[in-house]
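The primary structure of each chain is shown beneath.
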Amino acid sequence: EAALVNFIEPGDNVLIGINGYFGERMFDMACRYGANADRLERPWGEVFDPDEVKSAISKKQYKLFAMVHAETSTGALQPHVGEIAEIVHDNGALLILDCVTSLAGVPVEIDNWDVDVAYSGTQKCLSCPPGLAPLTLMNKVGRGSTVVALP
């Protein structure tokens, strides 16, 4: 929630990738924050193709595109994060990536993929007690990211 609430203001155009329960939750949060939220949907268990993201994000000026890297509800792993980040940035938007299930389970290359904002949870693949939410924000001035853990 911290990743979305700090980047969405009422009236912002946002696009949310929904291919399972947690994409749906991001959409619900964006709506609660007053965003003009649009949905890019795939059937549960399927991943997003960069071309469909390009088509959807080019329809209006979006502030951000958010999606789940590994959808907890289905296990679907998004393999095209770097390509999607490039498409999102070419359209002037930020990429927010949910890495709750993927961090420490599969490669999560935030800097190499040029992800603007990513978050996770300690209770999944990190196998730590619940209660912390690692959050990373891209430093667009000097490249690289900064990681903080929110209680």
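Residues numbered from 1 in each chain as written. Predicted model: local features only at pLDDT ≥ 70, side-chain atom pairs only at ≥ 80, totals over all residues. Heavy atoms only, no water.

Visitor: Tell me about the pattern of salt bridges, and please be specific about residues and values.
Guide: A side chain with one charge can pair with a side chain of the opposite charge if their charged atoms come near. Taken as a whole and assessed by the stated rule, the structure comprises six salt bridges. Across the salt bridge formed by Glu52 and Arg42, the nearest N and O atoms sit 3.5 Å from each other. Of this pair, Glu52 sits in helix 3 (residues 50-57) while Arg42 is found in the loop between strand 2 (36-41) and helix 3, placing the two residues ten residues apart along the sequence. Taking relative accessible area as the criterion, Arg42 reaches 27% and is therefore assigned partly exposed. When salt bridges that share partners are traced, they join Glu24, Arg39 and Glu41 into one network. (Salt bridge = Lys/Arg side-chain N within 4 Å of Asp/Glu carboxyl O. Helix = DSSP H or I, 4+ residues; strand = E, 2+ residues; numbered from the N terminus. Buried < 20%, exposed > 50% of the residue type's maximum accessible area, 1.4 Å probe, protein only.)

Visitor: Kindly report on the packing of aromatic side chains, identifying the contributing residues and their values.
Guide: Going through the model one piece at a time under the given rule, you end up with one aromatic pair. Plain terms: the ring middles of Tyr21 and Phe22 are 4.9 Å apart, the flat faces sit at 85° to each other, and that makes the pair edge-to-face. With a relative accessible area of 41%, Tyr21 lands in the partly exposed category. With a relative accessible area of 24%, Phe22 lands in the partly exposed category. Directly above the aromatic system of Phe27 lies the positively charged group of Arg39, at a separation of 4.6 Å from the ring centroid. (Phe/Tyr/Trp six-rings, centres within 6.5 Å; stacked < 30°, edge-to-face > 60°. Lys NZ or Arg CZ within 6 Å of the ring centre and 35° of its normal.)

Visitor: Describe the pairing of strand 4 (residues 94-98), listing the residues and the values that go with them.
Guide: Burial within strand 4 is extensive, with four of its five residues counted as buried. Between strand 3 (residues 64-68) and its parallel partner strand 4, the chain crosses via helix 4 (residues 81-90), and the hand of that crossover is right-handed. Both strand 4 and strand 5 (residues 117-119) contribute to a ladder of three bridges, which runs parallel. In the sheet register, Ile96 faces strand 5, and the bridge partner there is Val117. (Right-handed = clockwise from strand over helix to strand, strands pointing away. Pairing = 2+ DSSP bridges.)

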